Amino acid sequence: MDMECDLLVIGGGMAGLVAGTLAAEAGLSTILLRKGQSATAYSSGAIDIIGYLPDASEPFSTPEEGLAAIAGLYPLHPYSIIGYVDGIKPEDVVDEIVGRTRDTITWLKEKLKDTIAPLSGDFKSNIFPITILGTTKPTCLVQKTMYSEDLQTREDSVLLFTGFSGNADFNPSVAAKTYLEDRIAIGEPPRKVGHCTLRVSPFGKPYNVSSVEIARHLDHERSIEDLATQLKPQVEQLGATHVAVPPVLGIKTAMDNKKKLEDQIGAEVFEMLGFPPSVPGLRLQLALEEMYRTNGGKMLVGHEATSYIKTEGRITKVSAKAPRREMNIEAKAFILSTGKYIGGGLSGDENGIRETVFGLMTVTDAYHSAGEIIPSRYTNRIAISPEGHPINSCGLTLDPHFRPINEDGVEWASNLYSAGAVLAGYDYSIEKSGLGVAAVSGFSAAKHAIDFIKEVA
Ligand SMILES: Cc1cc2nc3c(=O)[nH]c(=O)nc-3n(C[C@H](O)[C@H](O)[C@H](O)COP(=O)(O)OP(=O)(O)OC[C@H]3O[C@@H](n4cnc5c(N)ncnc54)[C@H](O)[C@@H]3O)c2cc1C
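For the structure given in this document, a descriptive report is provided here. (Residues numbered from 1 in each chain as written. Predicted model: local features only at pLDDT ≥ 70, side-chain atom pairs only at ≥ 80, totals over all residues. Heavy atoms only, no water.)

Residue alternation in strand S8 (residues 268–271) divides its side chains into two sets, Glu268 and Phe270 and Val269 and Glu271, and both sets are buried. Alignment of strand S7 (residues 242–245) against S8, held across four bridges, turns out to be parallel. Bridge pairing in S8 places valine 243 opposite valine 269. (Buried < 20%, exposed > 50% of the residue type's maximum accessible area, 1.4 Å probe, protein only. Helix = DSSP H or I, 4+ residues; strand = E, 2+ residues; numbered from the N terminus. Pairing = 2+ DSSP bridges.)

Per the stated rule, a full pass over the model turns up 17 salt bridges. Across the salt bridge formed by lysine 111 and glutamate 25, the nearest N and O atoms sit 2.6 Å from each other. Residue lysine 111 is found in helix H5 (residues 93–112), and its partner glutamate 25 is found in helix H1 (residues 14–25); the two are separated by 86 residues along the sequence. Of the charged contacts, one joins lysine 258 and glutamate 262 as a salt bridge, the two residues approaching to 3.0 Å between their closest N and O atoms. (Salt bridge = Lys/Arg side-chain N within 4 Å of Asp/Glu carboxyl O.)

What follows covers the site of the ligand. Around the ligand sit 36 residues in total, of which Thr40, Ser44, Ala46, Ala421 and Leu435 are the nearest. In isolation the ligand exposes 1,000 Å². Once the protein is present, 93% of that is buried. Elements with a minimum of two residues in the shell around the ligand: H1, strand S2 (30–34), helix H2 (39–42), strand S10 (304–311) and helix H12 (434–456). Partitioned by chemical class, the residues of the shell around the ligand number 15 nonpolar, 16 polar and five charged. (Near = heavy atom within 4 Å. Areas by Shrake-Rupley, 256 points an atom, 1.4 Å probe, with all protein chains shown as cover. Nonpolar A, V, L, I, M, F, W, Y, C, P; charged D, E, K, R; others polar.)

As a further point, take the sheet that holds strand S6 (residues 192–198). Taken in spatial order, the four strands of this open sheet run S6-S5-S7-S8, and their pairing is parallel. Pairing within the sheet leaves two strands with one partner each, and these edge strands are S6 and S8. Here the average twist between neighbouring strands, direction ignored, is 25°. The sheet contact formed by strand S5 (residues 158–164) and S7 spans three bridges and is parallel. When the bridges of S7 are listed, leucine 159 appears paired with histidine 242. Contacts from helix H8 (residues 223–238) reach S5, S6 and S7 within the one sheet, and its direction differs from that of S5 by about 145°. (Axes fitted to C-alpha atoms, helices over the stretch in contact; angles between N-to-C directions. Contact = heavy atoms within 4.5 Å.)

Here the residue pair proline 189 and proline 190 is connected by a cis peptide bond, since its omega of 15° sits within 30 degrees of zero. With respect to the helices, strands and loops of the structure, proline 190 is situated in the loop between helix H6 (172–186) and S6. Residue proline 276 is joined to proline 277 through a cis peptide bond whose omega torsion reads 0°. Within the secondary structure, proline 277 is located in the loop between S8 and helix H10 (279–294). Of note, the phi angle at phenylalanine 203 is positive, near 50°, even though the residue is not glycine. Among the structural elements, phenylalanine 203 can be located in the loop between S6 and helix H7 (211–218). One non-glycine residue with positive phi stands out, namely tyrosine 367, at about 65°. With respect to the helices and strands, the residue tyrosine 367 is situated in the loop between strand S14 (352–355) and strand S15 (416–418).

Turning to the packing of H5 against H10, a few remarks are in order. Relative orientation of the contacting elements H5 and H10 amounts to 90°, with a least axis distance of 10 Å. Put simply, H5 runs roughly perpendicular to H10. Listed contacts from H10 to Trp107, Leu108, Lys111 and Leu112 of H5 are Leu284, Ala287, Leu288 and Met291. Grouping the constituent residues of the contact of H5 with H10 by class yields seven nonpolar, no polar and one charged. (Parallel < 35°, antiparallel > 145°, perpendicular 65-115°, else oblique.)

The subject of this paragraph is empty space enclosed by the protein. Taken as a whole, this structure holds two cavities of 30 Å³ or more when the rule is applied. Its volume calculated, the largest cavity comes out at about 70 Å³. Contributing to the lining of the largest cavity are Ile132, Asn167, Asp169, Phe170, Ser211, Pro246, Pro247, Val248, Gly274, Phe275, Pro277 and Ser278. For the lining of the largest cavity, a count of residues per class yields seven nonpolar, four polar and one charged. (1 Å grid on protein atoms, 1.4 Å probe; cavity = no way out; pocket = protein on both sides within 12 Å on 5 of 7 lines; lining within 4 Å. Points joined across faces, edges and corners; volume = space filled by probe spheres on them.)

Shown next, in the form of structure tokens:
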């Protein structure tokens, strides 16, 4: 079977779905291939732009401040590449990067506002939502169900950490203790913190309950009323103004559930940031897919790009395989947004780290070839290490048009663009920049691809 389009996007996480939506919105016929699940769906669902510089212990208070530091110190970071515009004056580079990032965030917030994952927060300052460990982390945007307007500023706020029996992912008493100690140390609200545990039996199962199971249970009518009935006396006893729950409020009905709970218990309810499997990550993935389809994009799920044809420096066709069919897709331009090791864009074995679709050059954090780097030599012995793992910074390196380059520093194909976690030059886990880099590079790669397609048409 053969198909044709203006733009073929390979990879359906944050980067590919942002790029595909922008192209479809610009009137291009756009097809997107997604072979499996994305890191986007495993993420906490909070969109980090830039939280820390590598090695720094103090977070940035604004994304703007962080982007300026990155532009000055890491010229090959994906954010820095945005600033390489023909004829730009050196003093305007940071403004260009900040402006493009702000445009992406504003666009994304607008696009997701009527989906199951509308966003709160803005580009003016980082926010510090609470994790299920009781710690906080800097991020730029969270889903509205994860946002508290005034917990950390209201002098009389009283916070109730609420867990669920049978769900071992979250321990409300440990989280309450950690959070309170941190807040006392800096002398900031809330005034008082407490904890409680509610009973849930998703689909009749009272033990070994995962967050996804609770969320699916709460998507059903009347489940939220049962929770409200249990929660109300706990809120009244503590005098709680705010209730922190793990991220389980529902996959499709989280916004409604938050409102219903708040109306019945008389306190503000918000979800904390959690670990995979992540309900807000899943909501974000579904919302991005809806955004892409609503704007006219076509998506082939379960289809893996496996080979390609390149003629005279241009890719003309990519072949994709699904369990029961194989097809060739012709396009004028291509965006590679296949993610890293979780998405499947990079893979490592005893021969080194390679890019899985086109066999493109991969580089290390020091911009040496990663083609012969054995992954085990490029990881830190401590699993959750504050320095991160050098393997996380490996990937593709780009020209100023977001096209992957080869050993000579020249683009590998004139019509191949790339975005997201498959890129080199940053470690999202220590910088806190994962979904931000994916969104902003997806937006930038799409802009270049759209211009290219319009020129050749
Ligand atoms: C546990 C965890 C928690 C995280 N928490 C956060 C957080 O709180 N905030 C934050 O900002 N970031 C977070 N991140 C980082 C963030 O999730 C990633 O940086 C981001 O999702 C990368 O997006 P992407 O689109 O580049 O790649 P992915 O989301 O991985 O998408 C890659 C896509 O490519 C597809 N694909 C791969 N190969 C092929 C092929 N050959 N053919 C077709 N399709 C293919 C995959 O199926 C997938 O759909 C977290 C990551 C993890 C793992």
